[in-house]
Every structure is written in structure tokens, then in C-alpha cells.
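One letter stands for each residue in the lines below.
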Amino acid sequence: EYGEESSPNALDDEFEEAYRRHRSGSNSRSLRRRLSTSSEDEDDDSNDDGADSDFEDDYPCCGTFCRALHSPQDRCAAILILLASSCCAILVIALVILTYVGWVQVTLSQQRANQQPATWTPLQFPRYHECAGCKPGNKTDAELKACLEPCVNVDFALDWEALAKEAGYALVYFPSRPGPKGEPSVNISAWWLPPPARPGVDPKSAPRIVALHGLGSNNNHCGVQATCFHLRAMGFGCLTPSVRDYGLSKASSHPTVMTWGYDYHLDLLGAWDYAVNDPDGVMGGPVGEHKVGIAGFSKGALGAAVAFGRETKIPGAWIDSAPWLGLGGMVDSIVRPYAGWIAPAITGVVMASANHFSGGRVDYYDPLRILVDCRGPQRTIAITQGLFDTTVPIQQGERAISHLAGLRMCYDMWVYTPPAYCNKGTHHQEMWEFSDDMRDIMCEFWSRTFGQSNATCNLDRLPKYQLWHPPISEPPGTPEIIGAL
């Protein structure tokens, strides 16, 4: 198109003319085609070898394309493309992170942080435990006192140890109930903790309570073992199972997966069956179904709530600090304060990942849906949770209370929400921080459940351990109760 007389200046003039036509509405594609043709002609012209390099010197960033970006419309389009690419990259990174979070929630190897050694015996546990701010391992009396202060009386731990020595214990095994989809039973381990014999209490025929531990733990669980100390002192026996894949219990069909609301309640029900029938004769013989209740703590309370709804022969259940809304509710409660309106989308991605990696074993059963679908007869249920709980939002307990409290035909409900705050701990702390109050309430609740007199608990003769009596006195650092309103 350009003759031998063509020069870089002529090319620039032609470019400027084409650029003006482009700004007035001409097709920019035509401009690029003409410029391309010009460049090819220049390359072929042996008499003007420097034209191309001169042009690149003038516009070094990217040749003619950069010159075309002098158009505001094209510049806007480039910026939008860059922003879209950045947003896509951020979205991909966020999806990867949320998928990883979902995987962590159901991967068993990632959920053992709360597990104390399963080989500690009930006699060792009162001194070896890491409850209430103590470090794990054997401790002298002075070390126990130092780690339990200022919220727990050291006599609590010393009497706990003495009772374990007096009343004894036994390690037992039994099968769980079969899985929801026909999975085989799993061999479950448990500590049998009988009450000491005394007037009015025969360890062989005393009522029995099956207590289930929380997330990433086993039956050497602070809430379980401390509560069972109270129960044994009042004349009740305790059976404390470890769920499948934890403690001394055997492997399940999903040994790498931690489930939510799927099959751990079946381990509790297997323990309940064992406590009713005592097939090995360890407990003193069978007792009636009406004399065996259940209890659960934290995630174990979720399992206990599902078990209580599925097995209507259980006369009573103590549900302490349960994540009533399952894993989905827990994820949402963590995300929502920071993510606001986008929280459902974030929770949805995490839950989709958790469901995928667990093989659909997440939030399979909804305890509230099961429990509201009731026909009687009336059974006792206690819903307890610390007012300042920072692990499971107390709003979940409040939701359960609001759903079940009015179903008088089905439930005789008891509620206990103490302002527990023990050495910065807020999650099921009441059994050692407000030990006397909790013991009194448990005596009334379980006596009502089993149809026996409160006098059987022998409360008047039991030592007093409680150092703090809210609202008159509370441990240092306890938040204001009014602040929880």
C-alpha cells in the first residue's frame, strides 16, 4: 500500500488519521488490519529497514495494540477484563480454602485435639486430667491445687480419686447398633463406674446412666468423668463409652471420617442396650429399661439428643451444651458474624465439601425434627448449657428449649444455664465450677426420671465443694451476666 517513498512519519500520519476515524465510529478492527498490512509492507521494503523499529521505539509497551488502547473505550474494556480475571482468581482461592475447611471438619485425623489418653484408668484420671486449665499428666496435691484455683476446690479432685478407689471400675466391650444404611455393628469400649455401696444403695440394682463424650475425645473426657463422680456419689451407676474410631473402641466402616448426626448415637444406644441387659454380668444383672438413662456433652450431647428421639424407651436424657443444629449450624454461627449476608453461601460451600468428603455422613439426623415428632408418654429431658459458652452458641440451646418446652405430653423439661467461666473455660464447666448446684439439680432430675426419692442421693452427707455462688460471687474474669442479655 505504501510505496518506496513511505517513511515512519508517513506511517504516523496514516495512524493518526485512522485513529481519528476510529474515535468517530469507524471499526477499530479495520484500523488494526490496516496497521498490520502496513507493518508487513515495511518488513518487505529493503530500502526502509528501520521503520518498524522506529515505531516500536515510539510505542515500546506492546506495539500497535497499546496505541489502540489510547481509546477510553478500549482502555475501559481492558481494565474490566483485568478486574474480572482478578475476581475469578480470588473466587477460586476462596473455594479452595472453603473446601479445605469442609474437609477438616470431617477428617478424623484432624479432630483429635481434645483426646486424653484412653489408657488412663478412672483411678488415674482425677489426678492426670487436663480439666479446668490443668496440664495433662500426674500431679501432686499441691500441683492439683495450683492448676484448679481459683475456680475449683482441690478437695473435689481428691474425693473423686478416693471414690474411684473405693467403688472400683471395669473395662467392658459391646456391639453398637447397626448403621443407618445397614452398616455392621462396631465393637465399642466403655468404663463401667458403679456407685459405692451404702444404706439405700445397692450397686447391682441402682439406676444406670450412659454418658457420652464430646468432639475429638474419648470416655476419658472431663465433662463425662467429673459428672459421673457426682452421679456415683449420689448412688447412680455410670457407663461411659468411647465412640467408634476413638479411645479403645474398634474401627468403623469409615475409619478416616468423623461423622455428624449419623452413627455415633448408635454407639450410645449400644451402650444403653448393654446397661439394660448386662450380658456379661459385670454390673450385677439386668435392670428394667425404665432404670437406664442417657447423658451427653457437647457433640456427644448431639448424639444423645438423636438417641433419645430414636429410642422412645429411654426414660430420661441430660443434654449438656449440644450443637443442636449440627455441623451446618456450627459453621454458620462462626461465619455469620463476619460474613453477614454472604454467610449462607460460605456455609453452603463448606457443607458441600464436608458432605462430599464424609460420604454423606453429615447432619443425617436432625434431633429437633425427631424430638418434636412425638406422641408420649412423657419423658424427662434436661437442657443445660453455660450462659457464656463460646464453643457452642447458647442460642442453639435456647432454640431447643423453645421447640420442646411446650410439648408437655412428651417432655418434662428441666433447664439449667449457669454463668460458668472457669480459668477462661466456658464450655460445660459447671460440673466442677458450680459442683454443689449441679449435683442438687442432677439429684432432682434423675430421681424424678427413675421414680425414686431425692433422699436416696444422700446430699446432706456429701461434702460441699463449690467456691462461688452466682450472682453473689463468681470467679475472677467472669463476664457480667447482664452482658449476656
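Residues numbered from 1 in each chain as written. Predicted model: local features only at pLDDT ≥ 70, side-chain atom pairs only at ≥ 80, totals over all residues. Heavy atoms only, no water.

1. Digging into the state of the cysteines
Okay, so step 1: Evaluated as defined, the whole model comprises six disulfides.
Okay, so step 2: Each sulfur of the disulfide joining cysteine 131 and cysteine 222 lies 2.1 Å from the other. An S-S torsion of about -95 degrees defines the bridge between cysteine 131 and cysteine 222 as left-handed. Placement of the pair is cysteine 131 in the loop between helix H6 (125–128) and helix H7 (141–148) and cysteine 222 in helix H9 (residues 222–233), with a sequence separation of 91 residues. (Disulfide = S-S within 2.5 Å. Helix = DSSP H or I, 4+ residues; strand = E, 2+ residues; numbered from the N terminus.)

2. Remarks on the sheet that holds strand S2 (residues 187–193)
Okay, so step 1: The eight strands lie next to each other as S1-S2-S4-S3-S5-S6-S7-S8, forming an open sheet whose pairing is mixed. Of all the strands in the sheet, just strand S1 (170–175) and strand S8 (411–416) have a single pairing partner and so form its edges. In this sheet, adjacent strand axes meet at a mean angle of 20 degrees when their direction is disregarded.
Okay, so step 2: Set on the sheet, helix H11 (residues 299–310) makes contact with strand S3 (208–212), strand S5 (292–297), strand S6 (316–320), strand S7 (379–384) and S8; between it and S5 the angle comes to about 145 degrees. (Pairing = 2+ DSSP bridges. Axes fitted to C-alpha atoms, helices over the stretch in contact; angles between N-to-C directions. Contact = heavy atoms within 4.5 Å.)

3. Concerning the pairing of S8
Okay, so step 1: Among the six residues that make up S8, five are buried, leaving the element largely enclosed by the rest of the structure.
Okay, so step 2: Alignment of S7 against S8, held across six bridges, turns out to be parallel. Bridge pairing links threonine 380 to aspartate 412 in S8.
Okay, so step 3: Chirality of the crossover, the property in question, places the unit of S7, helix H15 (residues 394–404) and S8 among those that are right-handed. (Buried < 20%, exposed > 50% of the residue type's maximum accessible area, 1.4 Å probe, protein only. Right-handed = clockwise from strand over helix to strand, strands pointing away.)

4. Side note on the packing of helix H12 (residues 326–339) against helix H13 (residues 343–358)
Okay, so step 1: The N-to-C vectors of H12 and H13 enclose an angle of 145 degrees; their axes lie 9 Å apart at closest approach. Two packed elements cross with a definite hand, and for H12 against H13 that hand is right-handed. Across the interface between the two elements, Leu327, Gly328, Val331, Asp332, Val335, Arg336 and Ala339 from H12 touch Ala343, Pro344, Ile346, Thr347, Val350, Met351 and Ala354 from H13.
Okay, so step 2: Along the lines of polarity and charge, the residues of the contact of H12 with H13 split into 10 nonpolar, two polar and two charged. (Left-handed = near helix turned anticlockwise from the far one by under 90°. Nonpolar A, V, L, I, M, F, W, Y, C, P; charged D, E, K, R; others polar.)

5. Details of unusual backbone geometry
Okay, so step 1: Backbone torsion omega between glutamate 149 and proline 150 reads 5 degrees, so that peptide bond is classified as cis.
Okay, so step 2: Residue placement: proline 150 occurs in the loop between H7 and helix H8 (154–167).
Okay, so step 3: Between proline 470 and the following residue, proline 471, the backbone shows a cis peptide bond with an omega angle of 5 degrees.
Okay, so step 4: Along the chain, proline 471 falls in the segment after helix H17 (435–450).
Okay, so step 5: The phi torsion at aspartate 245 lies on the positive side, around 70 degrees, for a residue other than glycine.
Okay, so step 6: Following the sequence through the fold, aspartate 245 ends up in the loop between strand S4 (237–241) and helix H10 (264–277).
Okay, so step 7: Although it is not a glycine, serine 321 adopts a positive phi angle of roughly 60 degrees.
Okay, so step 8: Position of serine 321 relative to the elements: it lies in the loop between S6 and H12.

6. Examining H10
Okay, so step 1: Spanning 14 residues, H10 covers 20 Å between terminal C-alpha atoms, matching the ideal 20 Å at 1.5 Å per step.
Okay, so step 2: Extensive coverage of H10 is indicated by the burial of 12 of its 14 residues.
Okay, so step 3: The complete set of buried residues in H10 reads Tyr264, His265, Leu266, Asp267, Leu268, Leu269, Gly270, Ala271, Trp272, Tyr274, Ala275 and Val276.
Okay, so step 4: Among the structural elements, S1, S2, S3, S4, S5 and H11 are those in contact with the buried residues of H10.
Okay, so step 5: Immediately downstream of H10, the backbone of aspartate 278 shows phi near 40 degrees, a positive value. (Expected span 1.5 Å × (residues − 1).)

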